[in-house]
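Residue-level listing of the chains:
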Amino acid sequence: MDLYEGLISRRTIHRFDNKPVSDDVIRLMLNAAIQAPNHHLSEPWRFVVIRGSSLKDLAHYRYEVALAKARKQNRPQAERIATQAREDYAMLSVVIAVVQMLSDDPYRQLEDYAAVSCATYAMTLAAWNLGVGTYWGTGAITRYPPALQLCQVSNDERIVAFLRVGYPAVVPHVPRVPAEEKTLWLI
Ligand SMILES: Cc1cc2nc3c(=O)[nH]c(=O)nc-3n(C[C@H](O)[C@H](O)[C@H](O)COP(=O)(O)O)c2cc1C
């Protein structure tokens, strides 16, 4: 797959099949991530590869977060929603936490977030090139203390993404507003 084709065809994958993702694929993704552009060569990233019983723990934390949210919103199906949140992770062989190391300088922090986002996107593209799909997840789980503890994330760090990684069962179609409608050409 050439780079442009990868950029155009990549999609967020919501449904994965059961085939496990190898450590070799994960290493290629991580190696792509660390090539991302980053101002002052701050290299403000860290990665946590979550498998096995650690992934089960994380899936359980997702359940807890989803249950608390659904109950707060008085959703009648709270238990079912939370169980689904756990199952979303339970069916995966790996999730990668992408962590930003936080600078004391707010502007640096902003630029570093951009760099870590570039790194995350690079991982999604490196995976896609190998036929592997990803899902960039955020939400309350990225701030949930037990999840932070599991990933050994300290007070001067934040989780930018929980990246689900797996072989796609379905590749969705997600249309975009054409670039022409988003572009001003000054000539
Ligand atoms: C910073 C960031 C956070 C995201 N967080 C979530 C999320 O928590 N849940 C989710 O379903 N998708 C999340 N996404 C994925 C977007 O929903 C997805 O990229 C969008 O629907 C466009 O689909 P595509 O990636 O297939 O083009 C996130 C994407 C980014 C860049």
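The structure we're discussing is the one just above.
Let me begin by describing the structure that accompanies this report. (Residues numbered from 1 in each chain as written. Predicted model: local features only at pLDDT ≥ 70, side-chain atom pairs only at ≥ 80, totals over all residues.)

## Some points on helix α3 (residues 52–72)
So, point 1. Its 21 residues give α3 an end-to-end C-alpha distance of 31 Å, which sits within 8% of 30 Å, the value for a rise of 1.5 Å per residue.
So, point 2. If you check which residues of α3 are buried, you get Leu58, Tyr61, Arg62, Tyr63, Val65 and Ala66.
So, point 3. Looking at the buried residues of α3, the elements they touch are β2 (45–50), α4 (78–90), β3 (94–101) and α6 (145–150).
So, point 4. A positive phi of about 55 degrees marks Asn74, the residue just after α3. (Helix = DSSP H or I, 4+ residues; strand = E, 2+ residues; numbered from the N terminus. Expected span 1.5 Å × (residues − 1). Buried ≥ 20, exposed ≤ 12 C-beta atoms within 10 Å, placed from the backbone. Contact = placed C-beta atoms within 7 Å.)

## Quick word on the site of the ligand
So, point 1. In the vicinity of the ligand, the contacting residues are Arg11, Thr12, Trp136, Gly137, Thr138, Gly139 and Val174.
So, point 2. Taken together, the residues of the shell around the ligand break down into two nonpolar, four polar and one charged. (Near = placed C-beta within 6 Å. Nonpolar A, V, L, I, M, F, W, Y, C, P; charged D, E, K, R; others polar.)

## Concerning the pairing of strand β5 (residues 157–166)
So, point 1. Among the 10 residues that make up β5, eight are buried, leaving the element largely enclosed by the rest of the structure.
So, point 2. With eight bridges connecting them, β3 and β5 associate as antiparallel partners. The residue of β5 that forms the bridge with Ala97 is Phe162.
So, point 3. Where strand β4 (residues 133–137) lies against β5, five bridges are found, and the strand directions are antiparallel. (Pairing = 2+ DSSP bridges.)

## Quick word on the sheet that holds β3
So, point 1. Taken in spatial order, the four strands line up as β2-β3-β5-β4 in an open sheet, and their pairing is antiparallel. Looking at which strands have only one partner, the edges of the open sheet turn out to be β2 and β4. Put simply, the sheet's adjacent strands are angled 25 degrees from each other on average, direction ignored.
So, point 2. Set on the sheet, helix α5 (residues 106–129) makes contact with β2, β3, β4 and β5; between it and β5 the angle comes to about 10 degrees. (Axes fitted to C-alpha atoms, helices over the stretch in contact; angles between N-to-C directions.)

## Some details on the pairing of β3
So, point 1. β3 sits mainly inside the fold: seven of its eight residues count as buried.
So, point 2. Summarising the sheet, β2 and β3 pair through six bridges and their orientation is antiparallel. In the strand pairing of β3, Phe47 is matched with Val98.

## So, the nonpolar core
So, point 1. In terms of nonpolar packing, the biggest core is built from 44 residues, with Val95, Ile96, Ala97, Val98 and Val99 touching the most fellow members.
So, point 2. Only α2 (23–33), β2, α3, α4, β3, α5, α6 and β5 provide two or more residues apiece to this core.
So, point 3. The biggest single contributor to this core is α5, with seven residues.
So, point 4. Those residues in contact with Ala97 that lie beyond four places of it in its chain are Phe47, Val48, Ile50, Cys151, Ile159 and Phe162. (Core = buried A, V, L, I, M, F, W, Y, C linked by C-beta atoms within 7 Å.)

## Some points on the packing of α3 against α4
So, point 1. Close contact between α3 and α4 brings their axes to 8 Å; oriented N to C, the two are set at 155 degrees. Here α3 lies roughly antiparallel to α4, going by the angle between them. At the point where α3 passes α4, the crossing takes the right-handed sense. Between α3 and α4, the contacting residues are Leu55, Leu58, Ala59, His60, Arg62, Tyr63, Ala66, Leu67, Ala70 and Arg71 on the first element and Ala78, Ile81, Ala82, Thr83, Ala85, Arg86, Tyr89 and Ala90 on the second.
So, point 2. Considering only residue class, the contact of α3 with α4 consists of 13 nonpolar, two polar and three charged. (Parallel < 35°, antiparallel > 145°, perpendicular 65-115°, else oblique. Left-handed = near helix turned anticlockwise from the far one by under 90°.)

## Focus on the packing of α2 against α5
So, point 1. Relative to each other, α2 and α5 sit at 140 degrees, their axes nearing to 8 Å. Comparing the axis directions of α2 and α5 gives the class oblique. Like other packed secondary-structure pairs, α2 and α5 cross with a definite hand, here right-handed. From α2, Val25, Leu28, Met29, Ala32 and Ala33 reach across to α5, where they touch Ala119, Ala122, Met123, Ala126 and Ala127.
So, point 2. Classifying every residue of the contact of α2 with α5 gives 10 nonpolar, no polar and no charged.

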